Structures are given as structure tokens and as C-alpha cells.
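Tertiary structure, described
Single-letter residue listing:
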Amino acid sequence: MIRDRFAPSPTGNVHVGSLRTALYNYLFAKKNNGKFLLRLEDTDRTRYEEGAVENLLNALMVTGVVPDEGLFEEEGSIVQKGDFGPYIQSERLDIYQKYIKQLLDNGQAYYCFCSKERLDEVRDKQKAAGETPRYDGHCRHLTQEEIQAKIDAGEPYVIRLKLPVDHLVAFDDAVRGRIEINTKDLDDQVLIKTDGFPTYHFAVVIDDHLMGITHVIRGEEWLPSTPKHVYLYECFGWEQPQYVHLSNILNDDHKKLSKRQGDVSVGDFLKKGYLPEALINFLALLGWSPEDDQEIFSMDELIEAFDLSRINKSGAVFDRSKLDWMNAHYIKELPVEKLTAHMAPFLIEAGYITEADLEARGPWLDKVAELLRDRLSYFAQAPQEAKMLFEGDFEITDEESLALLKEEAVPVLYDALVEKLSAMDSVDSASAQAMLKEIQKEHKAEKIKGKMLYMPTRIMLTGEMHGPDLALIMEVLGKEELLRRLDRVRSLIHQ
Ligand code: GLU
């Protein structure tokens, strides 16, 4: 059975690249009726950040990239489920001890007592000589007695992998093909650190094997480490998994996607009101392409279409305008109640509506939401777009608008609007539209039609020259507010 995993370290916000890795693992497992695991790689105690695990679980849950095994959040606490646990590496220390002992006994690993100062010195010398810095093998040949004496004296140590001097390590990567490297070009990797914790390189191999992982789908930054992992599989006589290294996600400048160019964390995008479905759809196509040119995919469709052979070798540019386009598409498709629910928090934060309005003015809010729907790429834009509805005490200062309002016919239009609106019981978009048509008909002589009808009316009512459908705006504002707004601009029209 296919088993793959997402194995993040709890280091803060979830990068969109990490979510993509998780997603590809998820899609591949689902497509093949396999299992997708979530394992926490927390052996680097210095990188741990408070709240990181909760953040991670939340990002996966919200986006629907839900594991079959591993970590879950239940009623506010983190629980582990599955037959291959613990799924948190810091809870597996005794397991790593057992396997490191095996390597030590077989002479495939060794104690290293070199101090940081010595290692720095070695590295500096190598660098100065133009060599790739690596461990110089100083402790490779210590005798059993020397080792014991140092341990008894309480000297701190690490345990390193003892690579053979001239040995070819090879593996097949589903994206990059066959990769071969000679151990003479590799470093004697630290497997156990001074604090007794395993390094990532050691723990990842032990865990992937013990957890029955068949496919390792991860970012290309791990490719250089893979030969060391593969060699460890050899040491233990275990079958290596199928490796799948995903190319980096890139900025516009083709450098690795970084914070300097805008948001990169899943939380940032969700906070801005990008829809999880859109983010998933977008990330799926960032490094993988379907057989045809379909662009909009539900999760189920992605599962159906996903195929490792169509993962791209070259890095994919994170095209923010494409994400905006895609998100706008998903916003257009939302049922109105969801549209309102997504938009409301942003309008509340802007002070345009209150929590109580959600219940008290539900149908009206739905209309507001419908009005703004087509104007949004993401929901954080809602207050800006809604301004004309909620800030009625605008000043008209724009030259072009002022010039339009000075047209001869405008006072006539103004009076007609006030008269007709006053006579209406209430205003909805149909009656507003009919009313505007009537004005046009009755004032043919003054040429109040087309632009000369709609533009000044819009400016007088919203302060803006452009915006959503005017009749709908009128319905949302309602009779009283429309008359109040007209009254405010009276002196500008009738000077
Ligand atoms: N813990 C590694 C990370 O943070 C996982 C790498 C892997 O998937 O092997 O990305």
C-alpha cells in the first residue's frame, strides 16, 4: 500500500511551499488509495516556536489537506492517531537509540568529540584553501579505549555516520531521474547531536522506514541530503523509498519565494480572505500540470487527475495575479450565505457593520455582499469597495466629477431625482431602474440620458464616477439614505 507523509518542523508559520508539499502527498495518497501521514519533526529544539503545531494543524484542516494518521487537533488539544506512532520525533528517542547502537556496533557510525572551535578552525582552513567544508575525519579512528575514556571523563560528543571512502550511492528520483554520487564527495553526517537528539537526517530515515513510507515527496532543498539518507537505508539493509523532489516555488525574479516580495504564509493568505479552495487549486498547479489545460479543480478533481509523472522539473513562479484571478473565480461561485459570511468580518473590522447586523440585517447584508462580489479578488478588499455604501458623508473634490456636475442639465436631473425618490414608498433595484428610465423619458429635451443620466446620479449618490450597478446601489442604500445624500450635495448643484 502506498504510504506517504508530510513531515514539517514546528517552526512558526506554514509557508505556502510547505502546504504544496503536503497537498501533493495528500493527492498522491488519495489517488492511490494509500495513506497520508503527518509527522512532526521536532528534534531541533532551537527552532521550536510556540503555537507552531496548532498553526500547522489549522492550516491543514482549513484547506482540507487532512492526514489519515499522525497528529490531529481534538477539542483544543493535540492527539495522535494511527498504528505507527508516536508521530512526534521527540517522543521516539528510545527508538533512535536502538538504531544508532546498531550502526555503532557494525562500525557504520562513530563517536566524535571534536569541539566547536576545532570544527570551525577546520572549516575556515578548508574554505581558505577553496575546498568544500566538511568534517576531516579526526575522530574516525579512535580506539574503543580512547572513546570510553573520553565518555567517562564526561566529554561531550556527537555520533557521526562513517561513510565508506569510495562507494557509489544511487537512487531514482521521480522528477529528476537517476542520481549517483560517490561517498568521497559526502560528509560524515552527524546522526546524534550532543544533546542526545537525532539529527533530521537520522530520524527521517528511521521513521520513514518504520512508518512504512513508500514515497518521499518533499522540497528540492532536501535533494543534496538524500544520498546520505540512501546510504543509511543501505546500512540497515532496508528498501529505499521512491523519492520525489519538488522544485522550488519562485518569486517573479526567479529567486526562491521569499517574504520580501509579499505574503508567503498560508495564514497570511487566509487572513486576507483568500478562499482555501482557491489556494489549494492554485498551489496544485504550481509545479504540476494536468493533461489538458483545465485550470479550475476541486479537491476531488485534483485527486482524480494527479500524477507524479506530470510534476514539473523547473521551478514555478508564484504568480500573485493568477492567484487573485483564481480566487475571484471562487468568490464568484460562492453561494450568497458563504459570500456574506466571508465578507462580514472585514466589514466589521472596518467599522461598517456590527456583529449584531449579521442577524438583524441579514438579507440586507446579502445584498451588500452581492453588490461587491464581482469587484473582489480577495475579501480584505471589501471595505475599500464598500466605502461608497457606508461612508455617505463624502466630499466631491475630483475635477472631472465636479465638471460633470456643472453641466447645464444636472440641476434638472437633481430635482427630478429628489421628486421621484420622495414619491416612492421604498426603493429596490427594479423600481430604481424604472425611475431612472422615467427621468430619461421626461427630460429628452434636456438630453438627460446615457452618461448624462447615470454619471451625475452616481457621483451625487456615491461620490464616485465608477462602481457596481447603480440601481443595486440604490436598493442597498434605501430611500432615506438616498434622499439624505442628495440633500447634502444640494448646494453644489444649485449654486
Ligand atoms: N522536517 C523536514 C522539513 O521541515 C522534512 C523534510 C522531509 O520531508 O524529509 O521540511
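What you see as residue numbers is a count from 1 along each chain, following the sequence as written. In keeping with the predicted nature of the model, local features appear solely for residues at pLDDT of at least 70, side-chain atom pairs appear and are counted solely at 80 or more, and the whole-chain, interface and lining totals rest on all residues. Hydrogen atoms and water are omitted, and side-chain values are computed over all heavy atoms in the structure.

**Observations concerning the overall build of the protein**
This is how the line gets drawn: Labels follow the DSSP assignment, with helices taken as runs of H or I lasting at least four residues and strands as runs of E lasting at least two, numbered in each case from the N terminus. Put simply, the radius of gyration uses C-alpha atoms, and a globule should come to 2.2 Å times the residue count raised to 0.38. Exposure classes here rest on a 1.4 Å probe applied to the protein chains alone. A residue is buried below 20% of its type maximum, exposed above 50%, and partly exposed in between.
Scanning the protein from N- to C-terminus turns up 21 helices and 13 strands. The C-alpha atoms of the protein give 32 Å as radius of gyration, which overshoots the globular expectation for 495 residues (23 Å, by more than 25%). Expressed as lengths along the three principal axes of its C-alpha atoms, the size of the protein is roughly 110 × 50 × 40 Å. Of all 495 residues assigned to the protein, the portion counted as buried reaches 50%.

**Some remarks on the sheet that holds strand S9 (residues 190-192)**
Put simply, the test is: One bridge is not enough; two strands pair if DSSP finds at least two bridges between them. Note on definitions: angles span 0 to 180 degrees between N-to-C directions of axes, and those axes are lines fitted to C-alpha atoms, for helices only across the stretch in contact.
Spatial ordering of the open sheet is given by S5-S6-S9, a layout of three strands whose pairing is antiparallel. What marks the edges here is a single partner per strand, and that holds for strand S5 (109-112) and S9. Within this sheet the neighbouring strands show an average axis-to-axis angle of 45 degrees, counted without direction. Alignment of strand S6 (residues 158-161) against S9, held across two bridges, turns out to be antiparallel. When the bridges of S9 are listed, Ile159 appears paired with Ile192.

**Observations regarding the nonpolar core**
Burial of nonpolar side chains together is a common tendency in soluble globular proteins. In plain terms, the rule: What makes a nonpolar core is a set of buried Ala, Val, Leu, Ile, Met, Phe, Trp, Tyr and Cys residues whose side-chain atoms join them at distances within 4.5 Å.
Among the nonpolar cores identified, the biggest contains 150 residues, and Val65, Phe202, Phe318, Met460 and Met474 are the most heavily contacted of them. Cys112, Cys114, Tyr135 and Val158 belong to the second-largest nonpolar core, a separate cluster that totals seven residues.

**A word on the packing of helix H18 (residues 429-442) against helix H19 (residues 451-462)**
Note the following rule: An angle below 35 degrees is treated as roughly parallel, one above 145 as roughly antiparallel, one from 65 to 115 as roughly perpendicular, and anything else as oblique. Crossings are classed by handedness, with left-handed meaning an anticlockwise turn of the near helix from the far one by less than a right angle and right-handed meaning a clockwise turn. Any pair of residues with heavy atoms lying within 4.5 Å of one another is described as a contacting pair. Think of it as three bins: nonpolar holds Ala, Val, Leu, Ile, Met, Phe, Trp, Tyr, Cys and Pro, charged holds Asp, Glu, Lys and Arg, and polar takes everything else, Gly as well.
Direction vectors running N to C along H18 and H19 enclose 125 degrees, while the axes themselves pass 10 Å from each other. Considering the angle they form, H18 stands oblique to H19. Read as a crossing pair, H18 and H19 show a hand that is right-handed. In this structure, H18 contributes Gln433, Leu436, Lys437, Ile439 and Gln440 to the contact, and H19 contributes Leu453, Tyr454 and Thr457. For the contact of H18 with H19, the class distribution of residues is four nonpolar, three polar and one charged.

**Examining the side chain of Thr199**
For the record, the criterion: Definition of a polar contact: a pair of N or O atoms within 3.5 Å, with one able to donate and the other able to accept a hydrogen when the atoms are protein atoms, and with sequence-neighbouring residues admitted only if both atoms are side-chain atoms.
By the secondary structure assignment, Thr199 is in the loop between S9 and helix H6 (200-210). Thr199 gets classed as buried once you look at its relative accessible area, which sits at 9%. Of note is the side chain of Thr199, whose polar atom sits 2.8 Å from the backbone oxygen of Val190.

**Concerning the site of the ligand**
For clarity, the cut-off: Note on definitions. A residue lies near a molecule or strand when any single heavy atom of the residue is within 4 Å of it. Surface exposure here means Shrake-Rupley accessible area, sampled with a 1.4 Å probe, where a residue is shielded only by the protein chains that are shown.
Taken together, Arg5, Ala7, Ser9, Glu41, Tyr200, Val204, Arg218 and Trp222 are the residues near the ligand. The contact in question runs from a nitrogen atom of the ligand to an N or O atom on the side chain of Glu41, over 2.7 Å. The side chain of Arg218 places a nitrogen or oxygen atom 2.9 Å from an oxygen atom of the ligand. Its free accessible area being 300 Å², the ligand has 85% of it covered by the protein chains.

**Regarding the pattern of salt bridges**
Note that side chains of opposite charge can pair when their charged atoms are close. Where we set the bar: Here a salt bridge means any side-chain nitrogen of Lys or Arg lying within 4 Å of a carboxyl oxygen belonging to Asp or Glu.
Within this structure, the stated rule accounts for 29 salt bridges. One continuous salt-bridge network, built from bridges that share partners, spans Arg5, Arg39, Glu41, Arg92, Asp207 and Asp208.

**Some thoughts on a negative patch on the surface**
Heads up, the condition is: What makes a patch is a set of residues exposed beyond 30% relative accessible area and free of salt bridges, joined within 9 Å when like-charged and within 5 Å when nonpolar (Val, Leu, Ile, Met, Phe, Trp, Tyr). In this tally Asp and Glu are treated as negative and Lys and Arg as positive; neither His nor the chain ends contributes. Throughout, a charge is located at the NZ atom of Lys, the CZ atom of Arg, the CG atom of Asp or the CD atom of Glu.
A cluster of acidic residues, Glu291, Asp292, Asp293 and Asp307, forms a negative patch on the protein surface. Examined against the element boundaries, Glu291 turns out to sit in the loop between helix H9 (276-284) and helix H10 (299-305). A relative accessible area of 73% means that Glu291 is categorised as exposed.

**Quick word on the packing of helix H17 (residues 410-423) against H18**
Any two packed helices are characterised by how steeply their axes cross, that is the angle between the axes, and by the distance between the axes. At a minimum axis separation of 11 Å, H17 and H18 run at an interaxial angle of 135 degrees. The angle between H17 and H18 places the two elements in the oblique class. When you trace H17 past H18, the crossing you get is right-handed. Contacts between H17 and H18 pair Leu413, Ala416, Leu417, Lys420 and Leu421 from the former with Met435, Leu436, Glu438, Ile439 and Glu442 from the latter. Class assignment for the residues of the contact of H17 with H18 results in seven nonpolar, no polar and three charged.

**A few points about the packing of aromatic side chains**
Selection rule: Planes of paired rings set the category: under 30 degrees apart is stacked, over 60 is edge-to-face and the rest tilted, where pairs are Phe, Tyr or Trp rings (Trp by its six-membered ring) whose centres lie within 6.5 Å. Two limits define a charge over a ring: the Lys NZ or Arg CZ must be within 6 Å of the ring centre, and within 35 degrees of the ring normal.
Counting across every chain of the model gives 20 aromatic pairs. Residues Trp288 and Phe306 carry aromatic rings whose centres are separated by 5.6 Å and whose planes lie at 35 degrees to one another, so their mutual orientation is tilted. Residue Trp288 is found in the loop between H9 and H10, and its partner Phe306 is found in the loop between H10 and strand S13 (316-317); the two are separated by 18 residues along the sequence. On the basis of relative accessibility, which here comes to 1%, the residue Trp288 falls in the buried class. With relative accessibility at 2%, the residue Phe306 sits in the buried group. Among the aromatic residues, ring-to-ring pairing joins Phe269, Tyr274, Phe282, Phe318 and Tyr378 into one connected group. Cation over ring: Lys81 sits above Phe72, and NZ or CZ is 5.3 Å from the ring centre. Residue placement shows Arg361 over the ring face of Trp364; its charged tip is 3.7 Å from the ring centre.

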